[in-house]
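Chain and residue survey
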Amino acid sequence: MTKASAELFQGADWDFGTLQRIHDACEEIALGELGLDVYPNQIEVITTEQMLDAYSSTGMPLFYRHWSFGKHFVHHEALYRGGKRDLAYEIVINSSPCISYLMEENTATMQTLVIAHAAFGHNHFFKNNYLFKLWTDAEGILDYLEFAKSYIARCEARYGEAAVEATLDAAHALMSHGVHRYAGKTRIDLRDEERRQQERRAHEEQIFNDLWRTVPGTRKRSAADVDFEKRRAALGLPQDNILYFLEKSAPRLQPWQREILRIVRHIAQYFHPQRQTKVMNEGAATYTHYRIMQRLHERKKLSDGNHLEFLKSHTNVVFQPTYDDPRFSGINPYALGFAMMQDIERIVTDPTDEDREWFPDIAGQGEPMEVLRAIWADYRDESFIRQFLSPHLIRKWRLFQLHDAPEIHEGLLVSAIHDERGYKRLRRELAQQYDIGWGDARIEIVDVDLAGNRRLVLHHLMLNDCPLDESEIKLVLQHLADLWSYEVLLQEIDSAEKVIREHTAHPRENLYRASATS
Amino acid sequence: MHIIDRRLNPRGKSLENRQRFLRRAKDAVQQAIKQSLQNRGIRDVLDGGEIHLPIGGLGEPGFRRAAGGLRDYILPGNRTFVEGDIIPRPVGSAAGRSRLAGEDDDSEDSFRFVLTREEFLDMFLDELELPDLAKRRLSETTEVVPVRAGYSVSGPPSSLAVGRTTRLAMMRRIALHRPKKEDIEALERAIEECDSEEDRLALKAELKLLTEKSRRVPYIDPLDVRYRRFENTPKPVVKAVMFCLMDVSGSMTEHMKDLAKRFYLLLYLFLTRRYEKVEIVFIRHTEKAEEVDEQTFFYSPASGGTMVSSALAAMRAIIGERYDPTEWNIYAAQASDGDNSYSDGSVAGQLLEHEILPLCQYFAYIEVGDEDDDSSSSSSTLWQLYQDIHAGKRPLSMRKVCRKNEIFPVFHDLFRKGQVHSEVVP
């Protein structure tokens with residue numbers, strides 16, 4: 001019996017005592033041996049349906065109401081019930097305490113894997129990566145979501161569901177261009193947001209004086225007075241954060257609409273770091289769970305059978321089919337992340353001459369966890385791949401680059417393979433694909449004719465002369481025009497600074513009618 | 001570390017979002033339902049189930065790049081290529097390209113999801129009603145509704161009228177001069193502060209008197225208690241009967257019968273679901289008519305010549321026997337290919353115009369045609385006959401149906417809420 005009692009659990013069944021033992025065992029290894037630094041953990045056991053719920057509201061435990069979440073729910077549910085797709089084993093939320101959702105169907109081994117992966121791997125990454133530190137406020141997010149939910153519910157009661165829905169639709173369409181890409185001066189404090197909203201409102205009420213309406217207006221300055229440069233400076237143009245610009249400068253929005261834009265913008269900003277660190281985040285978590293599970297097995301806390309079960313799921317997770325495999329659907333971030341973390345471990349502990357030449361700083365340094373922790377803290381996907389994708393891994397994965405230029409070649413040109421000439425090019429290109437600043441369409445607001453017809457002018461700086469999707473752009477511009485409430489013009493500009501295409505949209509009348517009566 | 005069991009949380013967290021989505025998608029869903037009706041067998045027309053929605057109008061647009069332009073892909077698993085090779089594009093260029101681009105593989109072109117039977121029927125029967133349900137009677141099988149009728153001194157605790165009870169208690173307390181709590185407390189305080197023994201005794205006697213009185217006059221007495229009283233009042237019930245007259249003669253092709261049956265099936269579902277108290281009489285006729293049950297009506301074959309008057313006569317007879325026109329709202333829906341024996345024309349016309357229509361709230365006539373017919377040209381004997389009758393401002397509507405996909409619109413049209421009835425649309 002002494003041998004059996006060393007094991008954390010036997011078989012597949014688990015209860016809350018088991019979860020506690022698993023967590024404590026993982027914690028001992030994660031904090032003691034791997035030196036991780038995590039937020040306090042909160043583990044929540046949920047059902048399949050609750051997992052689908054979480055899926056449809058971008059993983060958050062509470063969210064405002066909007067039809068699009070219903071659509072996602074219905075979609076995921078149909079896929080899941082039809083047996084076309086499995087659900088994720090876990091969802092983890094970047095908050096403090098760090099909330100991990102565990103599915104009730106998981107076996108005890110799977111729960112161990114998930115706790116090691118989410119509650120320690122992701123948790124450490126959230127707490128330490130510079131992007132998350134800079135852009136997200138883990139302590140405040142849940143309170144902020146609560147505020148957002150109740151604020152939007154209050155708006156619905158007050159201004160009508162239709163008006164709120166129209167505003168949210170428009171805000172969602174512009175969500176991808178509602179983030180600040182460069183850090184400002186102050187750290188965000190989401191907990192403060194609710195208070196600030198109340199302050200703004202109180203201030204407005206305080207300074208309201210109906211008399212001002214009756215004062216005869218002074219003569220407006222003529223259009224010529226406000227010259228182009230001055231106008232741009234006054235409005236902070238060019239501006240790539242469209243939602244921010246609308247919130248601050250759209251002339252005819254109601255205060256509550258500005259607040260809704262602000263909410264959507266904050267949420268987009270909260271998810272911005274996750275989009276930039278997919279490979280690293282999953283790589284770090286997968287590497288962590290792999291180390292923890294190995295140690296548990298070595299310490300005889302995990303039986304051989306359970307260890308095999310773990311290895312099976314682990315290999316499924318980090319499986320990368322080759323390009324000609326029917327299962328291929330792009331590069332698996334788990335696989336790439338995990339392979340790179342393992343490769344770094346190899347470089348640190350057992351470098352070859354090539355590694356010494358390519359990575360003089362870390363080759364043979366001897367302490368893999370120390371190096372990895374530093375990397376996890378200071379890089380994002382793009383810079384991580386640019387720095388640490390080694391020739392060894394490129395050879396192992398047999399990476400190659402296809403260049404698709406329909407005008408020049410009939411077929412696809414193989415422009416680089418895993419050889420001496422190709423390593424750097426492959427690495428540069430792959431890194432670039434993970435740079436979301438490069439991947440997202442580059443759109444900025446360049447001018448507003450405030451004195452004239454108030455037309456808003458935007459530029460799309462085309463990448464490789466690739467235009468925007470025509471049918472989508474119409475819809476998005478319509479939303480933008482509705483919010484701006486005057487004409488909107490989008491010019492697509494190619495690399496030679498020539499305007500290739502123009503799109504315009506005019507606002508619809510009475511879209512936010514309920515708001516007009518208030 | 002905390003472990004929280006969320007499994008017991010209330011279910012259906014995204015129900016509201018789901019409903020909002022359905023509301024938004026209503027037009028698209030109704031379109032999809034019509035589509036789905038065409039392709040289903042007659043038995044499972046309305047079983048709910050899977051719906052394919054085109055995603056347009058429900059899309060969430062964003063600034064996305066169009067396909068095309070210069071692109072680079074990094075792929076794993078090179079075995080044979082060397083730098084500078086030119087390889088052919090993968091077949092099925094669009095699919096191959098999106099796969100190469102490593103996008104998420106969920107094509108959302110047609111968006112599939114499953115409606116529950118309830119949701120399906122609600123959407124399906126939206127905005128339909130029986131026209132002119134005018135005759136309301138207190139029927140003999142009385143349905144009752146409880147109506148508030150003052151207060152009573154007895155009743156179940158659940159209908160205790162708290163407000164009334166406390167009001168009565170207060171009246172009684174005031175009338176009987178129940179000592180106030182504050183007075184007693186003031187007296188007690190006075191006793192504590194009192195110095196002379198003599199006064200104290202007097203005060204104590206007074207206190208005793210007061211406390212005794214307050215015990216005799218309780219705060220709430222059983223006498224005060226009142227209950228809300230309900231009286232059962234009979235509710236006027238609308239009685240309605242729908243006659244389904246179907247021609248099953250030899251001239252009706254399989255296609256026509258299928259159309260007619262589909263129409264009646266919609267009607268049947270609509271009536272049974274929307275109106276609890278609607279009776280349905282199924283009559284099928286060749287040269288003679290018979291009343292049948294729904295199973296026979298829908299599923300068993302028959303053939304022969306055509307005499308429309310037989311069906312109308314049967315309907316008149318049944319009305320005479322069972323459905324007193326002064327109490328019942330009478331409706332009829334007739335489906336036929338429009339053929340009628342020549343000699344029967346005037347008889348049927350007379351019957352309909354002078355005997356049936358005056359009794360009916362609404363009479364709908366569906367003429368079914370062959371698939372290759374043009375539904376706008378119509379000159380069948382029955383159609384002409386009915387058109388003449390129709391000219392006399394009767395509650396008669398006529399439609400012609402040739403294809404499966406016309407069934408639902410026609411049905412919807414005939415029973416649309418609040419429409420002005422009696423019209424001819426060939």
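Procedures and definitions
Residues numbered from 1 in each chain as written. Chains lettered and ligands numbered in written order. Predicted model: local features only at pLDDT ≥ 70, side-chain atom pairs only at ≥ 80, totals over all residues. Helix = DSSP H or I, 4+ residues; strand = E, 2+ residues; numbered from the N terminus. Buried ≥ 20, exposed ≤ 12 C-beta atoms within 10 Å, placed from the backbone. Contact = placed C-beta atoms within 7 Å. Nonpolar A, V, L, I, M, F, W, Y, C, P; charged D, E, K, R; others polar. Pairing = 2+ DSSP bridges. Core = buried A, V, L, I, M, F, W, Y, C linked by C-beta atoms within 7 Å. Axes fitted to C-alpha atoms, helices over the stretch in contact; angles between N-to-C directions. Left-handed = near helix turned anticlockwise from the far one by under 90°. Parallel < 35°, antiparallel > 145°, perpendicular 65-115°, else oblique. Arc of directions from axis to C-beta. pLDDT = per-residue confidence, 0-100.

**Examining the overall build of chain B**
Counting its regular elements, chain B contains 13 helices and 16 strands. The buried share among the 426 residues of chain B stands at 27%. Restricting the contact set of chain B to residue pairs at least 6 apart, pairs at least 24 apart contribute 81%.

**Some words on the overall build of chain A**
Check the secondary structure of chain A and you find 24 helices and nine strands. Taking all 518 residues of chain A together, 44% fall into the buried category. Of the contacts made within chain A by residues no fewer than 6 positions apart, 72% connect residues no fewer than 24 positions apart.

**Here we look at the interface of chain B and chain A**
How big an interface is tends to be stated in terms of accessible area lost as the parts join. Facing 52 residues of chain B, the contacting portion of chain A comprises 77 residues. When contributions to the side of chain B that touches chain A are tallied by element, the ones reaching two or more residues are strand S1 (2-5), helix H1 (15-24), strand S3 (71-75), strand S4 (86-87) and strand S5 (110-115) of chain B. For the side of chain B that touches chain A, the element with the highest residue contribution is H1(B), accounting for six residues. Looking at side-chain class alone, the side of chain B that touches chain A contains 21 nonpolar, 10 polar and 21 charged residues. Judged from the two bridges that link them, strand S5 (residues 412-416) of chain A and S4(B) form a sheet pairing that is antiparallel. Along S4(B), the bridge assignment pairs A:Leu412 with B:Ile87.

**A few points about the nonpolar core**
Side chains that are nonpolar tend, in soluble globular proteins, to be buried together. Core analysis: the biggest nonpolar cluster contains 155 residues, and A:Cys26, A:Ile260, A:Ile344 and A:Leu480 have the highest contact counts within it. Discounting chain neighbours no more than four positions away, the residues touching A:Ile344 are A:Pro368, A:Val371, A:Leu372, A:Ile375 and A:Phe388. Counting residues in hydrophobic clusters, the runner-up holds 62 residues, among them B:Tyr264, B:Phe270, B:Phe363 and B:Leu396.

**Re the pairing of strand S13 (residues 329-336) of chain B**
Residues and elements named next belong to chain B. Taken across its eight residues, S13 has eight buried, putting it largely inside the fold. Residues Asn329, Tyr331, Ala333 and Ala335 point to one face of S13 and Ile330, Ala332, Gln334 and Ser336 to the other, with burial holding for every one of them. Pairing analysis gives seven bridges linking strand S10 (residues 240-247) to S13, with the strands arranged parallel. Note on S13: the bridge partner recorded for Met246 is Ala335. In the sheet, S13 pairs with strand S14 (residues 362-368) via six bridges, with the strands oriented parallel. Looking at the pairing, Ala332 lines up with Phe363 of S14.

**A look at the sheet that holds S5(A)**
Note on sheets: strands pair through backbone hydrogen bonds, and any given pair is parallel or antiparallel. The strand order across the open sheet formed by four strands is S3(B)-S4(A)-S5(A)-S4(B), and the pairing between neighbours is antiparallel. Unpaired on one side and paired on the other, S3 and S4 of chain B mark the two borders of the sheet. Across the sheet, helix H21 (residues 423-433) of chain A is in contact with strand S4 (400-404) and S5 of chain A together with S3 of chain B; its angle to S3(B) comes to roughly 110°.

**Concerning the sheet that holds strand S8 (residues 488-493) of chain A**
All names here are of chain A. The four strands lie next to each other as S6-S7-S8-S9, forming an open sheet whose pairing is mixed. Looking along the sheet, the strands with just one partner apiece sit at the ends: strand S6 (442-448) and strand S9 (499-505). The average undirected angle you get between the axes of adjacent strands in this sheet is 20°. The pairing of S8 with S9 spans six bridges and is classified as antiparallel. The residue of S9 that forms the bridge with Leu489 is Thr504. Its contacts with the sheet place helix H23 (residues 470-484) against strand S7 (456-461), S8 and S9, and it is angled at close to 50° to S9.

**Quick word on the packing of helix H14 (residues 278-298) of chain A against helix H16 (residues 333-349) of chain A**
Residues and elements named next belong to chain A. At a minimum axis distance of 7 Å, the contact between H14 and H16 shows a crossing angle of 65°. In this structure, the crossing between H14 and H16 has a hand that is right-handed. Judged by residue contacts, Lys278, Val279, Met280, Glu282, Gly283, Ala284, Thr286 and Tyr287 of H14 engage Pro333, Tyr334, Leu336, Gly337, Phe338, Met340, Met341 and Gln342 from H16. For the contact of H14 with H16, the per-class residue count stands at 10 nonpolar, four polar and two charged.

**Description of the packing of H16(A) against helix H18 (residues 368-378) of chain A**
Residues and elements named next belong to chain A. At a minimum axis distance of 9 Å, the contact between H16 and H18 shows a crossing angle of 130°. Taken as axis vectors, H16 and H18 run oblique relative to one another. H16 and H18 meet at a crossing whose hand is right-handed. Of the residues in H18, those in contact with Met341, Ile344, Glu345, Val348 and Thr349 of H16 are Pro368, Val371, Leu372 and Ile375. A class-by-class count of the residues in the contact of H16 with H18 yields seven nonpolar, one polar and one charged.

**Some details on H21(A)**
Among all positions of H21(A), only A:Tyr423, A:Leu426, A:Arg427, A:Leu430 and A:Ala431 are buried. The buried residues of H21(A) occupy one face: seen down the axis, they fall within an arc of 125°. Buried residues along H21(A) sit against helix H19 (381-388), helix H20 (391-397), S4 and S5 of chain A together with S3 of chain B.

**Comments concerning the confidence of the model for chain A**
Across chain A, the average pLDDT comes to 84, with 92% of residues at 70 or higher. Taken as a whole, residues 514-518 of chain A scores under 50 in pLDDT and shows nine contacts with residues more than four places along the chain or in a different chain.

**Some remarks on the environment of A:Phe245**
Tracing the chain through its elements places A:Phe245 in helix H12 (residues 242-249). The contact partners of A:Phe245, leaving out residues within four places of it in the chain, are A:Gln239 and A:Ile445.

**Here we look at unusual backbone geometry**
Residue and element names in this part refer to chain A. With omega at 0°, the peptide bond leading from Ser96 into Pro97 counts as cis. As for its position among the elements, Pro97 is in the loop between strand S2 (90-93) and strand S3 (98-103). Here Arg398, not a glycine, exhibits a phi torsion of approximately 50°, which is positive. Relative to the helices and strands, Arg398 is located in the loop between H20 and S4. Overall, the presence of 16 C-beta atoms within 10 Å leaves Arg398 in the partly exposed class. With phi around 60°, Glu497 is a residue other than glycine that occupies positive phi space. Its place among the elements puts Glu497 in the loop between S8 and S9.

**Let's talk about the environment of B:Gly69**
Assignment of secondary structure puts B:Gly69 in the loop between strand S2 (49-54) and S3. When near neighbours in sequence (up to four residues on either side) are disregarded, B:Gly69 contacts A:Asn464, A:Asp465 and A:Cys466.

**Here's the deal with the confidence of the model for chain B**
All names here are of chain B. Per-residue confidence for chain B gives a mean pLDDT of 77; residues scoring 70 or more make up 78%. Mean pLDDT across the elements of chain B ranges from a minimum in helix H3 (residues 93-100), with 40, to a maximum in helix H5 (residues 162-175), with 93. When the criterion is pLDDT under 50, residues 92-109 qualifies, and its contacts beyond four places in sequence or with other chains add up to 15 contacts. Across residues 420-426, confidence stays below pLDDT 50; counting only partners more than four residues off in sequence or on other chains, it has 17 contacts. Among the prediction metrics, the complex's ipTM stands at 0.76, with pTM recorded as 0.69.

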